[in-house]
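Architecture at a glance
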Amino acid sequence: MEIVTTILSISLISVALAILIILAERLLNNYGDCQIDINEGARQVTVPGGSSLLSTLAGQGIFIPSACGGKATCGLCKVQVLDGAGPLLPTEEPYLSGDERQSGFRLSCQVKVKQNLKILIPEELFNIREFKTRIARIDTLTHDIKGLRLELLEPDRIRFKAGQYVQLYTKPYSKVRESVFRAYSMASVPSEDRVVELIVRQVPEGICTTYVHQELKEGDELRISGPYGDFYLRGDCDELVFIAGGSGLAPIRSLILDILEKQLPYKMTFFFGAVTLRDLYYLDYFGELQQKHENFRFVPALSKPTPTDNWQGEIGLITEVVDRFVPDGQNKEAYLCGSPGMINACLNVLQAKGFGPDKIFYDKF
Amino acid sequence: MKQSPEQREIEENLKPGAFSADGFLGTDTRSLADIIRDDQALVLSLGLTHQAIARQLSALTALGLPSLGAPVPSGDHLEVVVTDYRGFIPCPFRDYVREEKRLTVCRDRRTGETIRWTDLNVHMIAAHGFYEGRGSPFRVEPAAVQAMLNIQPDPENAEP
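Residues numbered from 1 in each chain as written. Chains lettered and ligands numbered in written order. Predicted model: local features only at pLDDT ≥ 70, side-chain atom pairs only at ≥ 80, totals over all residues. Heavy atoms only, no water.

Before going further, it helps to spend a moment on the interface of chain B and chain A. The interface is formed by 30 residues belonging to chain B together with 33 residues belonging to chain A. Buried area between chain B and chain A, both sides added, is near 2,700 Å², and the carbon and sulfur share of it is 62%. Counting the surface chain B buries against chain A, the share from its top three residues, L68(B), Y85(B) and R86(B), is 29%. At the surface where chain B touches chain A, the tally comes to 1 salt bridge. A salt bridge links K175(A) to D22(B), with the nearest nitrogen and oxygen atoms 3.1 Å apart. For the pair chain B and chain A, the interface holds 9 residue pairs in polar contact (both at pLDDT 80 or more). Those elements that place two or more of their residues in the side of chain B that touches chain A are strand 2 (78-90) and strand 3 (98-108) of chain B. Residue composition of the side of chain B that touches chain A, by class: 16 nonpolar, 7 polar and 7 charged. (Contact = heavy atoms within 4.5 Å. Buried area = accessible area lost by both parts, 1.4 Å probe. Salt bridge = Lys/Arg side-chain N within 4 Å of Asp/Glu carboxyl O. Polar contact = N/O pair within 3.5 Å; in protein donor to acceptor, adjacent residues only side chain to side chain. Helix = DSSP H or I, 4+ residues; strand = E, 2+ residues; numbered from the N terminus. Nonpolar A, V, L, I, M, F, W, Y, C, P; charged D, E, K, R; others polar.)

For the rest of this paragraph, the subject is the domain arrangement of chain A. Residue and element names in this part refer to chain A. By the assigned domains, chain A splits into domain 1 (33-125), domain 2 (129-228) and domain 3 (239-364). Computed from C-alpha atoms alone, the centre-to-centre distance between domain 2 and domain 3 is 24 Å. Taken together, the contacts link 18 residues of domain 2 with 17 residues of domain 3. With both chains or domains summed, domain 2 and domain 3 bury close to 1,500 Å², and 59% of this area falls on carbon and sulfur atoms. At the junction of domain 2 and domain 3, the tally comes to 1 salt bridge. (Domains from an automatic or database assignment.)

The next subject is the sheet that holds strand 14 (residues 296-302) of chain A. Residue and element names in this part refer to chain A. The strand order 15-14-13-12-16-17 describes an open sheet built from 6 strands, whose pairing is parallel. Each edge of the open sheet carries a strand with a single partner, namely strand 15 (314-315) and strand 17 (360-362). Here strand 12 (residues 239-245) runs beside strand 13 (residues 267-274); their pairing, made up of 7 bridges, is parallel. Following the sheet pairing, L240 is matched in strand 13 by M268. The strands touched by helix 5 (residues 249-261) within the sheet are strand 12, strand 13, strand 14 and strand 16 (332-337), with strand 12 carrying the most contacts at an inclination of about 150°. The strands touched by helix 8 (residues 340-352) are strand 12, strand 16 and strand 17; relative to strand 16, the strand with the most contacts, the crossing angle is about 165°. (Pairing = 2+ DSSP bridges. Axes fitted to C-alpha atoms, helices over the stretch in contact; angles between N-to-C directions.)

This next bit is on the environment of L317(A). By the secondary structure assignment, L317(A) is in the loop between strand 15 and helix 7 (318-325). For L317(A), a relative accessible area of 19% corresponds to the buried category. Those residues in contact with L317(A), other than ones at most four positions away along the chain, are S303(A), P66(B), S67(B) and L68(B). (Buried < 20%, exposed > 50% of the residue type's maximum accessible area, 1.4 Å probe, protein only.)

Once their charged atoms are close, side chains differing in charge can pair, the charge on each being opposite to the other. Scanning the entire structure with this criterion turns up 30 salt bridges over all chains. Close ionic contact of E192(A) with R149(A) constitutes a salt bridge, the shortest N to O distance being 2.7 Å. Of this pair, E192(A) sits in the loop between strand 9 (181-185) and strand 10 (195-201) while R149(A) is found in strand 7 (residues 145-154), placing the two residues 43 residues apart along the sequence. We note a salt bridge from E9(B) to R94(B), for which the minimum N-O separation is 2.8 Å. One end of the pair, E9(B), is in helix 1 (residues 5-13); the other, R94(B), is in the loop between strand 2 and strand 3, and 85 residues separate them in sequence. Linked by salt bridges that have partners in common, D28(B), R30(B), D34(B), R37(B) and D38(B) make up one network.

Moving on: the sheet that holds strand 7 of chain A. Strand-to-strand pairing in sheets goes through backbone hydrogen bonds, with the strands running parallel or antiparallel. Residues and elements named next belong to chain A. Strand order in the open sheet made by the 6 strands is 9-8-11-6-7-10, with antiparallel pairing throughout. Single-partner strands in this sheet number two, and they are strand 9 and strand 10. On average, adjacent strands in this sheet sit at an angle of 40° to one another, irrespective of strand direction. Relative to strand 9, strand 8 (residues 165-169) runs antiparallel, the two sharing 5 bridges. In the strand pairing of strand 9, Y165 is matched with S185.

A few words on unusual backbone geometry. Most peptide bonds adopt trans geometry, and most residues besides glycine take a negative phi value. Residue P155(A) follows E154(A) across a cis peptide bond; omega there is -15°. The topology assignment puts P155(A) in the loop between strand 7 and strand 8. In this chain, G226(A) is followed by P227(A) through a cis amide linkage whose omega measures 0°. Looking at the secondary structure, you find P227(A) in strand 11 (residues 221-228). For E132(B), which is not glycine, the phi torsion reads 80° and is therefore positive. The exposure class of E132(B) is buried, given its relative accessible area of 3%.

Further remarks concern the nonpolar core. Residue and element names in this part refer to chain A. The biggest cluster of nonpolar side chains holds 35 residues, and the ones touching the most others in it are F242, I252, I256, F270 and F296. Among the secondary structure elements, those contributing two or more residues to this core are strand 12, helix 5, strand 13, helix 6 (283-292), strand 14 and strand 16. When residues in this core are grouped by element, the largest group, 8 residues, is from helix 5. Shared between two domains, this core takes at least three residues from each, and those domains are domain 2 (129-228) and domain 3 (239-364). With residues near it in sequence (within four places) discarded, I256 still touches F242, F270, F286, L289 and F296. A85, L107, F181 and A183 belong to the second largest nonpolar core, which has 34 residues in total. (Core = buried A, V, L, I, M, F, W, Y, C linked by side-chain atoms within 4.5 Å.)

This part takes up a nonpolar patch on the surface. Residue and element names in this part refer to chain A. Where nonpolar side chains cluster on the molecular surface, the patch consists of I13, L17 and L20 and spans about 310 Å² of accessible area. Relative to the helices and strands, I13 is located in helix 1 (residues 2-28). For I13, a relative accessible area of 52% corresponds to the exposed category. (Patch = residues over 30% accessible without salt bridge, like charges linked within 9 Å, V, L, I, M, F, W, Y side chains within 5 Å. Areas by Shrake-Rupley, 256 points an atom, 1.4 Å probe, with all protein chains shown as cover.)

In structure tokens:
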């Protein structure tokens, strides 16, 4: 009898403690409604507290650029918080300069909305929209790259500058229980404003790229937001040098098509690098553009073609090929998109040729 | 055993869908502490340290990186291919480290056998002694690494 009483007593105490912990958690984590003042009264929103500033603003239709989905690894989601942000977190420190910290800049993915906030954001962010789309086509471009053609459903048109990117939102799938989002550059031309084309390379174990490569089917609906980014044509030059590898072809394609369509007078060279022939795509497409347009030259290059590739084009690392073809940076701008390794290697070559830092453009994610 | 909130967060981060599609624990049913402890014992039994393994993996990545995805020979019979992708992945151990999404594959040209690792693997081995759980797509098997790379044991850790 004594044993039973003891067991019952311990059980009751455990249950009481568990209830107490649940109640305490609810009480402590309930921040109630918070007011966010945006751009000194230009807009005010009342939101439930408890989530990140990034996702809270997205819930209000205000989309802050972010490439990593709120994991504090891209540093793109900076906003100026004048009041109510709490102390700077270690996760934010690597992305903020001394001046930015002084001015109150924070990573919006790391700031939790717990009280009223005052923030400043660039006006152009108000133009970013969320789009419901349907996948019209999925193309297998290489062994690890797919092309998506999305029809815009609502809104049914998008305005963007060639070179900009969108954020693609996944749905929970397989073992992935939460929606995530990642940034992908648009490959389509701005004049074709009822569609968005994306080029997505499979990252081993990547949550979003696995979703695109293994889960999505033609006809599926997909959520995106955009446009984002400052990778677009400046054009203060006579000649444009484009360099891409892998899925980095996407924004370069958009830029080239836009320039050709508008008949802008730039001389253009597009260097597209890969290891073997199986890594290249759109060869015929850009080959035909070269035939049609005198001011456009296409230079695909392989660093290690196999004997069966029967490759007749340029051979060498893309940096070596650029080095052979581009004599100097005189009156030129360079636009790069690809892996960090390729970007870094190309920066060295271009800087050695006299391209100033204000003449080289690439997305920093 | 009761976990601290930090430990709970780390275990959540290691699960599928948090930081990677399949997570870091694979089909392993052991606790994180047990996985790390068992690998520590294994590494010591090989006469190695986590640092020595991480250094060797990192050196091979550095060797292959400038070739932008093309194979690079290492020594008489090894070949290294480094592929990097856009973006970064944070360390799940809450240490505020982020690594580039970079994959190194090392192949023994004589046998065709391969081992592979990411920059995040190298960091997690060096900083946390974590080689990922059994069955995880990016589990680094210390014995397989040693068999292919023949890392010289650290004298102070070698068994007599």
